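# Remarks on the overall topology
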Amino acid sequence: MDNEITDLYEEAEPFSVDMEELEQWASSRETSIEIAEAIHQLAHMCAWDPDTIWEDPSFQQFSAVMSHAWELADEGVLELHWGEETMVRGR
């Protein structure tokens, strides 16, 4: 199941989102833009609610979002934030 969700990102059609709205969504949740974008893309692909993924992700959703968020992040980014949680690259 874990790979099934992660594989969706690889098979996904181009995803477009209003960056200003996404930045506001991320900021209001104290969440890194990369995580916000990964959440919204997953929600779009699976017809899930992004707020539900953000608030209470399944293990598979969390793993897929974080994997994709690190792919979106610049190489020099060492930390991403999901609300009050700090994710460190390589951990």
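The residue numbering used here restarts from 1 in each chain and proceeds along that chain's sequence as written. Selection of residues for local features in this predicted model requires a pLDDT of at least 70, selection of side-chain atom pairs for listing and counting requires 80 or more, and totals for whole chains, interfaces and linings are taken over all residues. The side-chain values count all of the structure's non-hydrogen atoms but skip hydrogen atoms and water molecules.

### Topic: the pairing of strand β2 (residues 85-88)
What counts, and what does not: Being paired, for any two strands, means DSSP has found at least two bridges between them. Here a helix means four or more residues in a row that DSSP labels H or I, a strand means two or more in a row labelled E, and each is numbered from the N terminus.
Where strand β1 (residues 79-82) meets β2, 4 bridges bridge the pair, whose relative direction is antiparallel. Along β2, the bridge assignment pairs E79 with V88.

### Looking at the packing of helix α2 (residues 19-28) against helix α3 (residues 33-46)
Quick note on the threshold: Every axis corresponds to a line fitted to the C-alpha atoms, with the helix fit spanning only the stretch in contact, and the corresponding angles, defined between N-to-C directions, vary from 0 to 180 degrees. Any angle from 65 to 115 degrees is called roughly perpendicular, while one under 35 is roughly parallel, one over 145 is roughly antiparallel, and all others are oblique. Here is the rule for handedness: rotate from the far helix to the near one, and if that takes an anticlockwise turn smaller than a right angle the crossing is left-handed, while a clockwise turn gives right-handed. Residue contacts follow a heavy-atom distance rule, with two residues in contact if any of their heavy atoms lie within 4.5 Å. Residues are grouped as follows: nonpolar covers Ala, Val, Leu, Ile, Met, Phe, Trp, Tyr, Cys and Pro; charged covers Asp, Glu, Lys and Arg; every other residue, Gly included, is treated as polar.
Viewed as axis vectors pointing N to C, α2 and α3 meet at an angle of 110°, and their least axial separation amounts to 9 Å. Considering their axes alone, α2 and α3 lie roughly perpendicular with respect to each other. Between α2 and α3 lies a crossing of right-handed hand. The residues of α3 that touch α2, namely those facing M19, L22, E23, W25 and A26, are I33, A36, E37, I39 and H40. Of the residues contributing to the contact of α2 with α3, the split by class is 7 nonpolar, 1 polar and 2 charged.

### Details of helix α5 (residues 59-72)
Let me state the cut-off plainly: Multiplying 1.5 Å by the residue count of a helix minus one yields the expected span of that helix. Any residue under 20% of the maximum accessible area for its type is buried, any over 50% is exposed, and the rest in between are partly exposed; the area is computed with a 1.4 Å probe on protein chains only.
Taking 1.5 Å as the rise per residue, α5 with 14 residues should run 20 Å; its terminal C-alpha atoms sit 20 Å apart, in good agreement. All buried positions along α5 are accounted for by Q61, S63, A64, V65, M66, H68, A69 and W70.

### So, the packing of aromatic side chains
So the rule is basically this: The rule is short: rings of Phe, Tyr and Trp, with Trp giving its six-membered ring, pair when the centres are within 6.5 Å, and they are stacked under 30 degrees, edge-to-face over 60, tilted in between.
Throughout the structure, instances matching the rule amount to 1 aromatic pair. Taking 5.2 Å as the distance between ring centres and 35° as the angle between the ring planes, the aromatic pair formed by F62 and W82 counts as tilted. One end of the pair, F62, is in helix α5; the other, W82, is in strand β1, with 20 residues separating them in the sequence. We classify F62 as partly exposed; its relative accessible area is 30%.

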